[in-house]
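Listed here are the chains, written in short residue letters.
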Amino acid sequence: MIYKDEERKPQIWFCGGHFINDIYTGFLNPIMPFIAEQVKISMPIATIILSCSHIFSSLMQPFFGFFADKIKKRALIFWGLICTSVFISLAPASKHLALMILFIILGSIGSSLFHPQSLGLISKFSKSDVARNMGIFIAMGTLGFSTGPLLSSTIAQYFGLSRMPILSILGIVWALLMFKMVPKFSTEQTPKPKFNFKQAFVDILSNHKLNILNLIAMLKSLITNACSILLPFLWKAQGYSKFQIGLALFFFLFLGGIASLLSPKFEKKIGTANVFYISMITTFPLMILFMLTYKTMPIISFIIFAIMGFITMFATPITMSMAQNTLPQYKSIIGGFINGFSWGIVAIAMSIIGYIAAATSIVPVLVILSLIPACCSILVKYLFEEQKN
């Protein structure tokens, strides 16, 4: 019983921190069309700004993960959550473009500080079922990411963008509570690793299995990012309110969080490979159905969109736990790659995709993007080559 309590206590605080941190990372997508109108920028420029947000919150995660594995201190999760909550909350209230971009960058760096260390510590404090705890942790982040659009769009709809900064209180309070409640860990019991920065990255980037898992993570984040960034502009043009747009994104991401919770159970019943195949292939026909219904049957299209969220994030915890088990000495760094680097690469691509969508049409672009994971699902079989030998 003591064993379970010692494991459960940090898990609760990490999962709560992940939920709250990702509330802020989900703030901007549904209200960005209205922020763009406030600071007088176009959809492609707004897409670039959101892409920069993901770049700073994602691409830097492997580097912060390296330092998290190296220093063996808890500081990154506290300061990361504080920076995320304060600066992301300030961004929508800013009426000056440069100041808004600065706040978004600083808040995104905070999220980049929080994620890799918390992912590493989830594995460290999981003495029983690592996959289950990882699934819960990722699900809580996804549920937070889904709550963010609903919360920000509600505040923006009924109180205005200028009232958003008050929401920073939630993150600050939880960070202070985490500092008090999360157990410290002894560097004597957990000696600092001997590896260096170059060695760690060479080991990770030269690993065939990790390369496939990173690619899968990128392809799934491509769908999530493209839908979350581009569709609010489509819906705004169709006359939907801030709250309606936020509600649509909430259900898309909320069901993604439910998928992360259920994924380990489905893995045991249908097998790991089948979870990957379902997640990578099924998004494409669902996106076609969305394209056929979003103009004439909006309610049906919203339901299809929500189901896409479930399918898209179905394999997320399995991808993470499989990656961390491949090279367990680099848990935080690998967490930064799967959860961060993949999103960062996609964010760079989104800056180009935003221009293409503006020049052509949003939904056909999304259909083409959803075809890519389906075509790449052939790579899944190479994840299990060692089991066949």
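Because the structure is a prediction, the values reported are computed rather than measured.

Draft legend 1. Representation of a positive patch on the surface within the structure. Together, Arg132, Lys265, Lys268 and Lys269 give the surface a local cluster of positive charge. Take the positive patch: its biggest share by element is three residues, from helix H11 (residues 242-270). Turning to its location among the elements, Lys269 is positioned in helix H11.

Draft legend 2. Layout of the confidence of the model for the chain. Averaged over every residue, the pLDDT of the chain is 83; the share at 70 or more is 87%. Within the chain, helix H13 (residues 283-293) carries the highest mean pLDDT (96), whereas helix H18 (residues 385-388) carries the lowest (60).

Draft legend 3. Inspection of helix H5 (residues 75-90) at higher detail. With 16 residues, H5 ought to run about 22 Å at 1.5 Å a step, and its terminal C-alpha atoms sit 23 Å apart, in line with that. Considered for burial, the residues of H5 that qualify are Leu76, Ile77, Phe78, Gly80, Leu81, Thr84, Ser85, Ile88 and Ser89.

Draft legend 4. Fine view of the nonpolar core. Among the nonpolar cores identified, the biggest contains 108 residues, and Phe276 and Phe305 are the most heavily contacted of them. Of all the elements, helix H10 (residues 208-237) adds the most residues to this core, at 17 residues. In contact with Phe305, other than residues within four places in its own chain, are Cys227, Leu231, Trp235, Ala248, Leu249, Phe252 and Phe290.

Draft legend 5. Highlighting H10. Taking 1.5 Å as the rise per residue, H10 with 30 residues should run 44 Å; its terminal C-alpha atoms sit 44 Å apart, in good agreement. H10 sits mainly inside the fold: 24 of its 30 residues count as buried. At the exit of H10 stands Gly239, carrying a positive phi of roughly 95°.

Draft legend 6. Quick peek at the environment of Thr283. Structurally, Thr283 can be placed in helix H13. With relative accessibility at 1%, the residue Thr283 sits in the buried group. For the pair Thr283 and Ser370, spaced 87 residues apart in sequence, the C-alpha to C-alpha distance is 6.1 Å. The residues contacting Thr283, other than those within four sequence positions of it, are Lys220, Ile223, Met308, Ile311, Thr312 and Ser370.

Draft legend 7. Structural context of the packing of H10 against helix H17 (residues 362-376). Where H10 contacts H17, the two axes come as close as 10 Å, and the packing angle between them is 170°. With respect to H17, the axis of H10 lies roughly antiparallel. For the pair formed by H10 and H17, the contact residues are Leu219, Leu222, Ile223, Ala226, Cys227, Leu230, Leu231, Phe233 and Leu234 on the first element and Ile362, Val363, Leu366, Leu369, Ser370, Ile372, Pro373 and Cys376 on the second. Along the lines of polarity and charge, the residues of the contact of H10 with H17 split into 16 nonpolar, one polar and no charged.

So, how was this worked out
- Residues numbered from 1 in each chain as written.
- Predicted model: local features only at pLDDT ≥ 70, side-chain atom pairs only at ≥ 80, totals over all residues.
- Heavy atoms only, no water.
- Patch = residues over 30% accessible without salt bridge, like charges linked within 9 Å, V, L, I, M, F, W, Y side chains within 5 Å.
- Areas by Shrake-Rupley, 256 points an atom, 1.4 Å probe, with all protein chains shown as cover.
- Salt bridge = Lys/Arg side-chain N within 4 Å of Asp/Glu carboxyl O.
- Lys, Arg positive; Asp, Glu negative; His and termini not counted.
- Charge placed at Lys NZ, Arg CZ, Asp CG, Glu CD.
- Helix = DSSP H or I, 4+ residues; strand = E, 2+ residues; numbered from the N terminus.
- pLDDT = per-residue confidence, 0-100.
- Expected span 1.5 Å × (residues − 1).
- Buried < 20%, exposed > 50% of the residue type's maximum accessible area, 1.4 Å probe, protein only.
- Core = buried A, V, L, I, M, F, W, Y, C linked by side-chain atoms within 4.5 Å.
- Contact = heavy atoms within 4.5 Å.
- Axes fitted to C-alpha atoms, helices over the stretch in contact; angles between N-to-C directions.
- Parallel < 35°, antiparallel > 145°, perpendicular 65-115°, else oblique.
- Nonpolar A, V, L, I, M, F, W, Y, C, P; charged D, E, K, R; others polar.

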